[in-house]
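A structural walkthrough
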Amino acid sequence: MRALLRASLILVGAALLATAALTCLLDSSEALPRRAQAAAADFTPIRASSPQQGDGGDENLSIGNDTCLGCHGSPGPTLTLENGDILDLYVNPADYAASIHGQKGYACVQCHTTVGNYPHPEFKAASLRDASLQRYTACQSCHGLQYSQAADSVHGKALASGNQQAAICTDCHTAHEVKRLNDPQTHTLLPSARASIPQTCAKCHFAIYQKYKTSVHGAALLEESNPDVPTCIDCHGVHNIEDPTTAAFRLQSPQICAKCHTDEKLMSRYGISTNVMNSYVADFHGTTVTIFEKQSPDAETNKAVCYDCHGVHDISRPDDPITGIQSRKENLLARCRKCHPEADANFPTAWLSHYEPSPEKYPIVYYVNLFYKLFIPGVLGSMALLVALDVGRSFYNRSREKQQKIEAAALPKEAPAVELPPEASLEPPPSTTQEAPGGESAVISEDAALPLMEELPEVEAQESDGEPTSPPPQEAEDETRAQDTPPADQPSQPQETSSEPPLASHDEDQDDASEPEGDEERHD
Amino acid sequence: MSLTPEIVKPELHFKRFSKSQRWEHTLLLFCVLVLLLTGLPQKYRTAGWSQYLLSTPERVQMIQQIHHAAALLLTAGAIYHLGKGILQLARRQLPADIFPVWQDFKDAWQMILFLLFLSKDKPKFRKYNFEQKVTYWFIFFGVGILIVTGYILWFPEVVTRLLPGGVIPAAKLAHSSEAIVLAVFIVVWHFYHVHLERLNLSIFTGKLNEEDMQTYHALEYQRLTASQPESPESGGEG
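Residues numbered from 1 in each chain as written. Chains lettered and ligands numbered in written order. Predicted model: local features only at pLDDT ≥ 70, side-chain atom pairs only at ≥ 80, totals over all residues. Heavy atoms only, no water.

Observations regarding the overall build of chain B
The test is simple: Put simply, DSSP H or I for four residues or longer makes a helix, DSSP E for two residues or longer makes a strand, and each gets a number counted from the N terminus. The contact definition used throughout considers only heavy atoms, calling two residues in contact when any of these lie within 4.5 Å. The accessible surface values rely on the Shrake-Rupley method and a 1.4 Å probe; as for residues, cover is taken only from the protein chains in view.
The helix and strand inventory of chain B stands at ten helices and two strands. Along the chain direction, N to C, the helices and strands of chain B fall in the order β-α-α-α-α-α-α-α-α-β-α-α. At a minimum sequence separation of 6, the contacts of chain B that also span at least 24 residues come to 69%. Accessible area for chain B stands at about 13,100 Å²; split by element, carbon and sulfur atoms hold 70% of it.

Considerations on the packing of aromatic side chains
For the record, the criterion: Paired rings are identified among Phe, Tyr and Trp, the last through its six-membered ring, by centres lying within 6.5 Å, and are further divided according to the angle between planes into stacked (under 30 degrees), edge-to-face (over 60) and tilted (the rest). The buried label applies to any residue whose accessible area, calculated with a 1.4 Å probe on protein chains only, is under 20% of its type's maximum; exposed applies above 50%, and partly exposed to all values in between. Distance and angle both matter: a charge sits over a ring if NZ of Lys or CZ of Arg is within 6 Å of the ring centre and within 35 degrees of the ring normal.
Applying the stated criterion across every chain, the model contains 21 aromatic pairs over all chains. Aromatic side chains Y396 of chain A and F117 of chain B sit 4.8 Å apart centroid to centroid with 90 degrees between the ring planes, which places their arrangement in the edge-to-face category. Within this pair, whereas Y396 of chain A is found in helix α23 (residues 363–410), its partner F117 of chain B is found in the loop between α4 (102–115) and α5 (130–154), the two belonging to separate chains. Ring plane angle 55 degrees and centroid distance 6.0 Å describe the contact between F125 of chain B and F130 of chain B, whose orientation is recorded as tilted. The burial state of F125 of chain B is the same as that of F130 of chain B; both residues are buried. Taken together through their ring pairs, the aromatic side chains of F371, Y372 and F375 of chain A together with F138, F185 and W189 of chain B make up a single cluster. Over the ring of F114 of chain B we find R393 of chain A; its NZ or CZ atom is 4.1 Å from the centre of that ring. Looking at K43 of chain B, its charged tip hangs above the ring of Y44 of chain B, at a distance of 5.2 Å from the centre.

What to know about unusual backbone geometry
Residues and elements named next belong to chain A. In this structure, S353 is a non-glycine residue whose phi angle is positive, near 55 degrees. For S353, the location among the structural elements is in the loop between α22 (329–337) and α23. Backbone geometry at H354 places phi at a positive 65 degrees, although glycine is not the residue there. Along the polypeptide, H354 turns up in the loop between α22 and α23.

Structural notes on the nonpolar core
Soluble globular proteins tend to pack their nonpolar side chains together in the buried interior. So the rule is basically this: Among the buried residues, those of types Ala, Val, Leu, Ile, Met, Phe, Trp, Tyr and Cys that are joined through side-chain atoms within 4.5 Å form a nonpolar core.
Ranked by internal contacts, the top residues of the largest apolar core, which has 29 residues, are F138, L182 and F185 of chain B. Top contributing element to this core by residue count: helix α7 (residues 167–196) of chain B, with eight residues. Contact partners of F185 of chain B, with chain neighbours within four places excluded, come to L380 and M383 of chain A together with V134, T135, F138, I139 and H190 of chain B. Grouped together as the second largest cluster of nonpolar side chains are twelve residues, A258, A299 and V305 of chain A together with I63 of chain B included.

Overview of the packing of helix α14 (residues 206–214) of chain A against helix α15 (residues 216–224) of chain A
Residues and elements named next belong to chain A. Applied cut-off: Axis geometry follows a simple rule: fit a line to the C-alpha atoms, using only the stretch in contact for helices, then measure angles between N-to-C directions, giving values from 0 to 180 degrees. Angle categories are assigned with fixed cut-offs, so that under 35 degrees is roughly parallel, over 145 is roughly antiparallel, 65 to 115 is roughly perpendicular, and the rest are oblique. Gly is put with the polar residues, along with every residue not named as nonpolar or charged; the nonpolar set is Ala, Val, Leu, Ile, Met, Phe, Trp, Tyr, Cys and Pro, and the charged set is Asp, Glu, Lys and Arg.
Packing of α14 against α15 leaves a shortest axis separation of 4 Å and a crossing angle of 80 degrees. The orientation of α14 with respect to α15, classified from their angle, is roughly perpendicular. Residues Y209, Y212, K213 and T214 of α14 lie in contact with α15, whose contacting residues are V216, H217, G218, A219, L221 and L222. Its residues assigned to classes, the contact of α14 with α15 comprises six nonpolar, three polar and one charged.

Some words on the confidence of the model for chain A
So the rule is basically this: For every residue, the predictor states its confidence as a pLDDT score lying anywhere from 0 to 100.
Per-residue confidence for chain A gives a mean pLDDT of 73; residues scoring 70 or more make up 66%. In this model residues 15–60 of chain A is a low-confidence stretch, pLDDT under 50, and it forms 47 contacts with partners more than four residues away in sequence or in other chains.

Things to note about the pattern of salt bridges
Where we set the bar: In what follows, salt bridge is the name for a side-chain nitrogen of Lys or Arg lying within 4 Å of a carboxyl oxygen of Asp or Glu.
Here the structure, examined in full by the defined rule, presents eleven salt bridges over all chains. We note a salt bridge from D234 of chain A to R194 of chain A, for which the minimum N-O separation is 3.3 Å. One end of the pair, D234 of chain A, is in helix α16 (residues 232–236); the other, R194 of chain A, is in helix α13 (residues 191–202), with 40 residues separating them in the sequence. On the accessibility criterion, R194 of chain A (12% relative accessible area) is buried. Taking the shortest distance from any N to any O, the salt bridge between D344 of chain A and R337 of chain A comes out at 3.9 Å. Sharing partners across several salt bridges, the network here consists of R337 and D344 of chain A together with R161 of chain B.

Some remarks on the side chain of T274 of chain A
Mapped onto the elements, T274 of chain A comes out in the loop between α18 (264–268) and α19 (276–282). Apart from residues lying up to four places away in sequence, T274 of chain A is in contact with H261, T262, D263, E264 and M267 of chain A.

Overview of the packing of α23 of chain A against α7 of chain B
Where α23 of chain A contacts α7 of chain B, the axes come no closer than 10 Å and their chain directions differ by 0 degrees. With respect to each other, α23 of chain A and α7 of chain B are oriented roughly parallel. In terms of residue class, the contact of α23 of chain A with α7 of chain B is built from 23 nonpolar, four polar and two charged.

Here we look at the confidence of the model for chain B
Residue and element names in this part refer to chain B. Here chain B averages 85 in pLDDT, while 92% of its residues score no lower than 70. The low-confidence segment residues 230–238, where pLDDT is below 50, has eleven contacts with residues more than four positions distant or belonging to other chains. Taken together, the chains of this predicted complex give a pTM of 0.67 and an interface ipTM of 0.82.

Here it is as structure tokens:
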């Protein structure tokens, strides 16, 4: 019951498809029933292509292959095309039977949908190529995804722009001898198919094939049937082959190489480092390329990508004795010179060759790095520490000064400063030093007091201010705040000091100026 | 004379930097700013903001051209600075104030003791204190390294004719590390000392007022005032 339902559904779908096709083809209306029938037959393979139904597929067909092969199964029938090309209409039955379509029992009319009856409708083509171009569209009905991918590919675009030689389905897959390429279980390429791919591309891209054949990848594939190395399609894609000459392809090309070369499992078989991509990206060529790839994928750049150094199709082992870029520096230099024409023998070593700098490899780089690793925390860190201490100390001092001022206001006169040096006698207002338990402000104010007394003895009392950075004598008169106490203390003092202290104070001045050691001693 | 009480006394200023020195500093400031702004995006290429700024080859090229132009300007300034120094040295007119002397180490030690509350005294300084000398020489050598490595990176083909290739990646590393060191140094050390500790604009005005001179450069102040005729009885020369 279900099968019947399906079949009817398929028929309806096929009819729809057929009408659509008809409007396009602009064929005579009398062909409608036949076409619909043929289209119906044509459509079944989509279901039939599943393994179970594949063999039974041809039961639905109105015209068996034997019918076609009755004429086309032996050499003879040809068609002369408009330009005089002769189209051979012979199909070797054995070849077709061996093809994947033949094995699965697909009928001729599933592709040749327009020739269901005899005599065949007229077929016109300007040339053999034109005939192929007319016919290859048949693949689309079953292989729609691949067909549209190919249409968007570099080949499809070339075709659309008028290049008739651009590859179409049958150029790679053939028309009647289509081979199985995928393993039906794993959906990966069969080993036999892998080896055939470069040969397939070589039909058009022969010069590139010649390079590839001798490359480290090509040789391993063609000589050892190594399943790990890339064939053409691993880098270029299968049906969605991109134009490899665009800026976009260039920018994303490192990702193609990275697919395999960052695969730990794969690379470990050959002892190849997987750090190559990271070390490439870490260097400025790689950094720039990977950023442009993200930010402006179509940007033109001459920054080196993998293949600029390692080659595009003629990739060889870096340690190859003849072509290696590691074993023979002149090979690498030649690559460098493509962008750096003035480069000389030393130049290639400017590139770290994917190495991490170490004492053995690139010691200069290693030690410069080490130097800054120590220098930054060591020197800058200690400078930051000094600044932090400075902040702490000046904050402490400021808050102390405030406190002292408050105390000075509260306790104007008290115990004399006993620890004052000899000049202390010149300083009648002891209130200044008394509330400096640390003594720090006392010492400084004492120093500061000297110029005061020397030049402006009448305001010398100001030092009760207690400022460690005492005001210069010229400005002293401005600072008359909170100075009422000392003058009251010793009103006659200013006169005394004015006569004696200058000498003493100047001695002190001189000491400071001429003998810094004296300064030092006092500190110690 | 010192005894004559003066009610109004004009604020004294002491000349600290010559006009040429002030211009040199301004040029250095401008160049360093431009070089940092155009250099940092090139260094931090993996950061989002850098990729946003330098998203196309044209932009990278432009920022490199600005960087190179500022570098040329800075090089001109450096040559002028060195040339002037050499000329002054030849004429025996080179002021020695900026050169480090043993006293600076003692001052630094004293400063550390002071900052650690192990001493009550801040050291007294001459024209340039040890912090200012550190600033000058740190930037002197930092800019020197940056200029040398910068030209190595600019002309790698020429440099590798004479030197091994490893110099290029080493210069690249040194250039970008030193730039960061210098930037951090300027922010942490220089900005603190001229902006936060106290606002010191003498490099722009060329002079320092008397109070600051006494507070921060007491020895220099004493030297200058001692030789002035206003204080003859001080016997400064004795």
